[in-house]
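# Survey of secondary and tertiary structure
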Protein chains: 2
Amino acid sequence: MQIEVVTIGDELLLGFTIDTNAAHLARELASRGVAIVRRTTCGDSASEIASAVRDALDRSGAVITTGGLGPTSDDLTKESIAAIFGRAMRLDDGIVDNLQARWKARGWPGELPKANYQQAMIPEGCDILVNNHGSAPGIWLEDDRGRWVAMLPGVPREMRGMLADALLPRIEQRLTGTPLVIRSRTLRTSGIAESALADLLGPLAKAPFGLSLAYLPGVAGVDLRLTARNLSAGDADALLGQGAEAIRAQVGTVIYGEGNDDLAAIVLSEMRARGLTLALAESCTGGLLGQRITAVPGSSDVLLGGVVAYANEVKVSHLAVRPETLAAHGAVSEATAGEMALGAQKRFKASAALSVTGVAGPGGGTPEKPVGMVCFGLALGDTVKTFSANLYGDRPEIRERAAQAALNALRRALAKHS
Amino acid sequence: MQIEVVTIGDELLLGFTIDTNAAHLARELASRGVAIVRRTTCGDSASEIASAVRDALDRSGAVITTGGLGPTSDDLTKESIAAIFGRAMRLDDGIVDNLQARWKARGWPGELPKANYQQAMIPEGCDILVNNHGSAPGIWLEDDRGRWVAMLPGVPREMRGMLADALLPRIEQRLTGTPLVIRSRTLRTSGIAESALADLLGPLAKAPFGLSLAYLPGVAGVDLRLTARNLSAGDADALLGQGAEAIRAQVGTVIYGEGNDDLAAIVLSEMRARGLTLALAESCTGGLLGQRITAVPGSSDVLLGGVVAYANEVKVSHLAVRPETLAAHGAVSEATAGEMALGAQKRFKASAALSVTGVAGPGGGTPEKPVGMVCFGLALGDTVKTFSANLYGDRPEIRERAAQAALNALRRALAKHS
């Protein structure tokens with residue numbers, strides 16, 4: 001099955017809104033063996049909508065639209081597409097009842113505004129796609145040759161809900177034989193450069209098991225995305241499993257997780273399992289490391305607290321860094337980082353402590369300590385380890401990379417410490 | 001002038017990459033009076049590219065493409081479009097020289113790989129669009145009827161650079177008469193709900209001066225976007241200026257900035273101007289407030305440091321919160337927030353201190369202190385003020401809203417403190 005997507009809205013066409021619906025639709029459909037062959041975006045104009053949808057229908061026979069189902073005068077999707085199918089519009093009493101019930105349930109004053117009745121106007125002979133996350137119902141319209149258009153709302157949360165609840169089951173019913181799918185699996189690495197990772201992968205670096213392999217470098221590290229194409233769902237999943245296993249066996253502990261796994265959450269659950277507690281001492285990251293860790297629900301049973309020690313006096317007064325250390329080595333040094341970690345571990349009475357001090361830029365770099373130089377300390381039990389890294393990017397990227405490097409050091413130390 | 005955009009790439013069509021180029025192109029062109037009337041996305045297939053570009057050219061006579069200019073076998077944009085214009089491809093020696101010079105300048109080993117020569121293949125009779133940010137040159141191809149296609153790279157940084165350096169000047173030359181533009185201006189508010197803002201705006205709430213007014217609520221607050229359409233650039237800017245001035249006069253200090261202004265940067269520059277210093281005491285935000293502030297370059301002359309006090313013992317030991325206060329009022333209370341702020345101000349010897357303690361969820365809520373309840377303390381000079389708010393959203397949203405509310409309280413206090 002081949003589908004085209006038409007996304008509708010002046011906001012999209014004018015660039016005020018970035019279209020995230022299209023990517024979500026594509027991934028969900030491709031993983032079920034339905035290819036999107038073209039995507040078109042047009043504005044809130046009846047003639048543009050009709051022209052774009054008619055062209056797509058002529059080419060592919062199956063079209064999903066998003067947007068233009070709301071209650072205002074620039075919501076023209078249903079009428080424009082009904083006209084292509086030669087269908088009149090009618091008021092649906094069931095939808096009116098629903099809208100009125102929603103209005104009352106929310107405790108809004110007065111009666112349902114007249115404008116909302118437009119949401120209850122639907123083309124003759126259509127099916128309604130249920131919306132469990134908002135007021136605008138979706139529409140399925142089909143002609144006697146089996147050509148169809150499914151109209152989804154533009155609000156991403158409503159679109160995603162209706163796709164899962166109402167549209168995907170309907171599309172899956174129509175798939176005949178064994179659909180050939182496109183599916184992906186992503187392994188996440190940290191602390192290794194793209195080229196070093198390719199070297200480490202050796203013969204797996206290119207197209208392992210016939211899967212395509214993409215290297216996706218980001219501030220969290222290099223993600224490895226394996227993709228299987230034009231296979232049955234079962235074969236695709238099996239091949240992705242083999243590929244992932246072979247890569248894990250080859251590169252080992254540089255992989256910290258899969259998919260959307262977050263390194264902070266992984267480190268936290270490892271520490272929780274061992275009953276360990278954590279304290280932080282941050283200079284150049286300025287709270288970012290704490291923010292990453294406390295973004296994980298339930299982090300309070302591991303993280304005791306932290307100090308943002310931006311000024312040198314604060315490093316001395318709150319983390320017991322010795323003034324002589326600062327004088328001899330500077331704030332950005334492994335010596336200072338080590339004392340920061342020790343100080344945090346002691347003052348918070350934590351089993352482990354992480355420290356970060358570096359030059360995040362754009363100013364403050366010197367030939368000896370350039371922008372991107374960051375020093376780390378890790379106190380764990382009775383030992384303190386320090387290391388440093390030259391990180392690249394602009395200020396936000398250097399800070400993100402520094403927080404990730406600190407978390408990764410803790411992850412690797414925990415693995416050895418077991 | 002009307003233009004269509006064709007974005008090219010399997011990654012876009014499969015949803016692995018979200019298309020941000022299209023929105024950037026649209027905004028840049030609309031502000032110069034050029035409307036994008038349709039956008040099409042197709043995969044890396046020669047026939048799909050040719051079909052999509054030919055359709056767009058037939059409809060609109062002017063097309064901008066992005067993507068498919070790289071050195072690999074799936075980069076097919078130039079050949080596919082040259083075929084529409086009936087042009088052969090030729091190797092351009094100037095581009096080869098450039099690519100070789102780039103290769104050497106980077107210190108990469110060996111000779112320029114053969115694959116890169118594909119980037120030097122261009123259609124006969126085209127103009128080259130210079131790329132100051134990467135290796136792939138852009139292409140301008142025009143027929144004898146004045147119909148044209150401009151091909152830009154897909155990498156956003158390169159696309160944006162080439163658009164500004166090479167394509168926009170060329171398009172501006174072709175605009176005749178006084179182009180009618182679409183331009184926007186955005187005022188940023190904090191600490192006021194959308195509906196209260198509309199009430200406060202009174203008669204300005206709808207289409208002030210004939211401008212359209214959009215309410216854009218987000219975690220930073222409600223942005224007010226004024227848009228002028230179908231006016232000359234001068235008239236649009238003048239009307240936007242009048243609208244912005246009238247709204248500022250009407251709603252006053254709820255507006256903290258314009259465009260992409262960041263509240264943390266605004267507060268920092270205000271404090272810097274007065275020679276004030278700042279300390280932080282964070283519980284539920286866990287470092288996010290520090291991260292927001294230290295994200296601003298040069299923040300170290302204002303921010304001395306902060307404490308992430310997640311555990312109650314840390315609130316006592318590091319911020320001098322009294323155990324009796326915690327016992328009587330709990331960690332999430334204005335009494336505790338006030339003592340946290342005072343403790344931070346004193347221990348860091350700062351002129352001002354901000355504290356945040358709340359229930360970020362998803363767990364930890366009670367009927368008296370539900371998820372989203374957040375208490376704040378602000379110590380400034382000799383006074384301490386506390387307040388609390390019921391914030392909504394999921395855990396990340398509640399934390400973002402809390403950090404913004406704390407910064408906004410400081411901004412408003414500074415305005416009164418002058």
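Residues numbered from 1 in each chain as written. Chains lettered and ligands numbered in written order. Predicted model: local features only at pLDDT ≥ 70, side-chain atom pairs only at ≥ 80, totals over all residues.

The next thing to look at is the nonpolar core. Among the nonpolar cores identified, the biggest contains 233 residues, and Ala353(A), Ala406(A), Ala353(B) and Ala406(B) are the most heavily contacted of them. Not counting the four nearest positions on each side in its chain, Ala353(B) is found in contact with Leu278(B), Ala279(B), Leu280(B), Ala281(B), Ala341(B), Ala344(B), Gln345(B) and Ala379(B). (Core = buried A, V, L, I, M, F, W, Y, C linked by C-beta atoms within 7 Å. Buried ≥ 20, exposed ≤ 12 C-beta atoms within 10 Å, placed from the backbone. Contact = placed C-beta atoms within 7 Å.)

As a further point, take helix H8 (residues 233–251) of chain A. All names here are of chain A. Between the first and last C-alpha of H8 there are 27 Å, a value that for 19 residues agrees with the 27 Å anticipated at 1.5 Å per step. Among all positions of H8, only Ala236, Gly243 and Ile247 are buried. One face of H8 carries all of its buried residues, which in axial projection span an arc of 35 degrees. Of the exposed residues in H8, those oriented more than 90 degrees away from the buried face are Gly234, Glu245 and Ala249. (Helix = DSSP H or I, 4+ residues; strand = E, 2+ residues; numbered from the N terminus. Expected span 1.5 Å × (residues − 1). Arc of directions from axis to C-beta.)

Further remarks concern the pairing of strand S17 (residues 383–390) of chain A. All names here are of chain A. Taken together, the eight bridges between strand S16 (residues 373–380) and S17 define a ladder with antiparallel strand orientation. Among the inter-strand pairings, glycine 377 is bridged to a residue of S17, identified as threonine 386. Between the antiparallel neighbours S16 and S17 lie two residues, among them glycine 381 with a positive phi of about 60 degrees. (Pairing = 2+ DSSP bridges.)

If you check the domain split of chain A, you get domain 1 (2–174), domain 2 (181–258) and domain 3 (263–416). Measuring from the centre of the C-alpha atoms in domain 1 of chain A to the corresponding centre in domain 2 of chain A gives 36 Å. (Domains from an automatic or database assignment.)

Let us now look at the confidence of the model for chain A. Across chain A, pLDDT averages 94, with 100% of residues at or above 70. For this predicted complex, the interface score ipTM comes out at 0.87, while the overall pTM is 0.89. (pLDDT = per-residue confidence, 0-100.)

Residue and element names in this part refer to chain B. Where helix H9 (residues 263–274) meets helix H14 (residues 395–416), the axes come as close as 10 Å, and the angle between the chain directions of the two elements is 30 degrees. Considering how the two elements wind past one another, H9 and H14 form a crossing that is left-handed. Residues Leu263, Ala264, Ile266, Val267 and Glu270 of H9 touch H14, and the partners they reach there are Gln404, Leu407, Asn408, Leu410, Arg411 and Leu414. Within the contact of H9 with H14, the residues separate by chemical class into seven nonpolar, two polar and two charged. (Axes fitted to C-alpha atoms, helices over the stretch in contact; angles between N-to-C directions. Left-handed = near helix turned anticlockwise from the far one by under 90°. Nonpolar A, V, L, I, M, F, W, Y, C, P; charged D, E, K, R; others polar.)

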